Amino acid sequence: MLNDFIEQFGPSTVGGLVAGSIYALVALGYTMVYGVLRLINFAHSEIFMIGTFATLFVLSLIGLPGPLTGLALVGMIVLLIVAAMAASGGAAVLLEILAYRPLRKRNAPRLAALISAIGASVFLQELFALVVIPDVFNKPGRIDTAVPRLVDRDTVFTVFGADIKTDQLVIFIAAVVMMVALDQLVARTRIGRGIRATAQDPEAAVLMGVNIDTIVRLTFLLGGAMAGVAGVLYAMEFENISYKIGFVLGIKAFTAAVLGGIGNIRGALIGGVALGLVENWGAIFFGSQWKDVIAFVILVVVLLFRPTGILGESLQQARA
């Protein structure tokens, strides 16, 4: 067993970093919304799902002839990311306006918002299964849909016996760039100061001239946009999507947010990467079919012994 672990450690680590990067991007939406509204947006997993189908839609329109290289690949990735960010970000804002804002305006209890989130999640799943996928993509709604291969999976270089392939390198670089950009936006810009002020004390923020509705919209937009990027990277890596694709991955992303410290942006990044690594390393011992079990056991253990997560610092305490 130990020999197997040593032999598979390198490839599992690479796979864990790739998966963890996707988890982290989705976790950012959970942690930002919680930091501002103290709401667990369980419909965020479907915002990620919308990003995967936005990717497929653009590829279907363009008619991708085959894997791309060089500037063509970079241009295509940028186009897909912009389209997915627009689709997922727009859907997240619409979700906030229709499902959460009426409850917030009426000072409804948090349980009502949580139930609304679960209902919105189921609604979006069934909307895609019954309407969007059959009508827009002309595919069976409840069967997995293949995504055209965007990049060849050639070995770029080898580290400690692990082959780093083109798709893995592209995914990791794109994820890091987007996560750093969001972190700096929240930490150093006026929008970021408004988000942190609202998270810390909404009443005081209003007195200082912060428009709460605008900040909430921007929070959902940014979180949704990150989920859209995750959707592009997921479709690129796994080349297979479905209407319920966000369910398990969404719970894993939520686990990553809790693991790093719910409401903490950098905690979500650390939690996502840590979760990806641990579940891949655990799969060496228990088998890949136990990956989901490992992730959920981690969630239970974290909630039992360190519910504040690794960093334990909320968004409202972050300093510019």
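Residues numbered from 1 in each chain as written. Predicted model: local features only at pLDDT ≥ 70, side-chain atom pairs only at ≥ 80, totals over all residues. Heavy atoms only, no water.

Asker: So what about the overall build of the chain? Which residues, and what values?
Answerer: A tally of helices and strands in the chain yields 11 helices and 4 strands. Over its C-alpha trace the chain gives a radius of gyration of 19 Å, about what one expects of a compact globule, namely 20 Å for 320 residues. Its C-alpha atoms put the chain at 55 × 45 × 35 Å along the principal axes. Counting all 320 residues of the chain, 53% fall into the buried class. Contacts in the chain between residues far apart in sequence, at least 24 positions, make up 77% of those at least 6 positions apart. Here the chain has roughly 14900 Å² of accessible surface; of this, 66% comes from carbon and sulfur atoms. (Helix = DSSP H or I, 4+ residues; strand = E, 2+ residues; numbered from the N terminus. Rg over C-alpha atoms; globule rule 2.2 N^0.38 Å. Buried < 20%, exposed > 50% of the residue type's maximum accessible area, 1.4 Å probe, protein only. Contact = heavy atoms within 4.5 Å. Areas by Shrake-Rupley, 256 points an atom, 1.4 Å probe, with all protein chains shown as cover.)

Asker: Summarise empty space enclosed by the protein; cite the residues concerned and give the values.
Answerer: Counted according to the given criterion, the structure contains 1 cavity of 30 Å³ or more. In terms of residue count, the dominant contributor to the lining of the largest cavity is helix H8 (residues 212-238) (3 residues). Taken together, the residues of the lining of the largest cavity break down into 8 nonpolar, 1 polar and no charged. (1 Å grid on protein atoms, 1.4 Å probe; cavity = no way out; pocket = protein on both sides within 12 Å on 5 of 7 lines; lining within 4 Å. Points joined across faces, edges and corners; volume = space filled by probe spheres on them. Nonpolar A, V, L, I, M, F, W, Y, C, P; charged D, E, K, R; others polar.)

Asker: Please set out the nonpolar core residue by residue, giving values where relevant.
Answerer: With 95 residues, the main nonpolar core has Leu 25, Leu 28, Leu 150, Leu 233 and Met 236 as its most contacted residues. When residues in this core are grouped by element, the largest group, 14 residues, is from H8. Those residues in contact with Leu 28, other than ones at most four positions away along the chain, are Met 179, Leu 182, Met 226, Ile 265, Ala 268 and Leu 269. (Core = buried A, V, L, I, M, F, W, Y, C linked by side-chain atoms within 4.5 Å.)

Asker: Give a detailed account of the side chain of Gln 125, specifying residues and quantitative values.
Answerer: Positionally, Gln 125 belongs in helix H4 (residues 110-136). Gln 125 sits in the buried class, given a relative accessible area of 13%. Not counting residues up to four positions away in its chain, the partners in contact with Gln 125 are Glu 46, Tyr 243, Lys 244 and Phe 247.

Asker: Help me get a handle on a nonpolar patch on the surface, residues and values and all.
Answerer: There is a patch of nonpolar side chains on the surface, built from Phe 285, Phe 286, Trp 290, Val 293, Val 297, Val 300, Val 301, Leu 304 and Phe 305 and spanning about 920 Å² of accessible area. Counting residues per element, the nonpolar patch draws most heavily on helix H11 (residues 291-305), which supplies 6 residues. (Patch = residues over 30% accessible without salt bridge, like charges linked within 9 Å, V, L, I, M, F, W, Y side chains within 5 Å. Salt bridge = Lys/Arg side-chain N within 4 Å of Asp/Glu carboxyl O.)

Asker: If you had to explain the side chain of Glu 279 to someone new, which residues and values would you point to?
Answerer: Summarising the element assignment, Glu 279 is placed in helix H10 (residues 265-286). Reaching out from Glu 279, the side chain makes a polar contact with the side chain of Lys 252 at a distance of 3.3 Å. Among all residues touching Glu 279, those that are not within four sequence positions of it are Tyr 23, Lys 252, Lys 291, Ile 294 and Ala 295. (Polar contact = N/O pair within 3.5 Å; in protein donor to acceptor, adjacent residues only side chain to side chain.)

Asker: Break down the packing of aromatic side chains for me, citing the residues and quoting the values.
Answerer: Throughout the structure, instances matching the rule amount to 9 aromatic pairs. Considering the side-chain rings of Phe 53 and Phe 137, the 5.5 Å spacing of their centres and the 55 degrees angle between planes classify their relative orientation as tilted. Remark: Phe 137 occurs in the loop between H4 and strand E1 (145-146) and Phe 53 occurs in helix H2 (residues 44-62); sequence separation between them is 84 residues. Each member of the pair Phe 53 and Phe 137 is classed as buried. A ring pair is formed by Tyr 100 and Phe 220, whose centres lie 5.7 Å apart and whose planes are at 35 degrees; its orientation type is tilted. Within this pair, whereas Tyr 100 is found in helix H3 (residues 70-105), its partner Phe 220 is found in helix H8, the two being separated by 120 residues in sequence. Of the two residues examined, Tyr 100 and Phe 220, each falls in the buried class. Here the aromatic cluster, defined as three or more aromatic residues joined through ring pairs, consists of Phe 53, Phe 57, Phe 128 and Phe 137. (Phe/Tyr/Trp six-rings, centres within 6.5 Å; stacked < 30°, edge-to-face > 60°.)

Asker: Could you give an account of the pairing of strand E3 (residues 162-165), naming the residues involved and the relevant values?
Answerer: Burial along E3 is one-sided: the residues Ala 162 and Ile 164 are buried and none of Asp 163 and Lys 165 is. With 4 bridges joining them, strand E2 (residues 155-159) and E3 adopt antiparallel strand pairing. Bridged to Thr 158 within E3 is Asp 163. Between E2 and E3, which pair antiparallel in sequence order, lie 2 residues; one of them, Phe 160, sits at a positive phi of approximately 50 degrees. (Pairing = 2+ DSSP bridges.)

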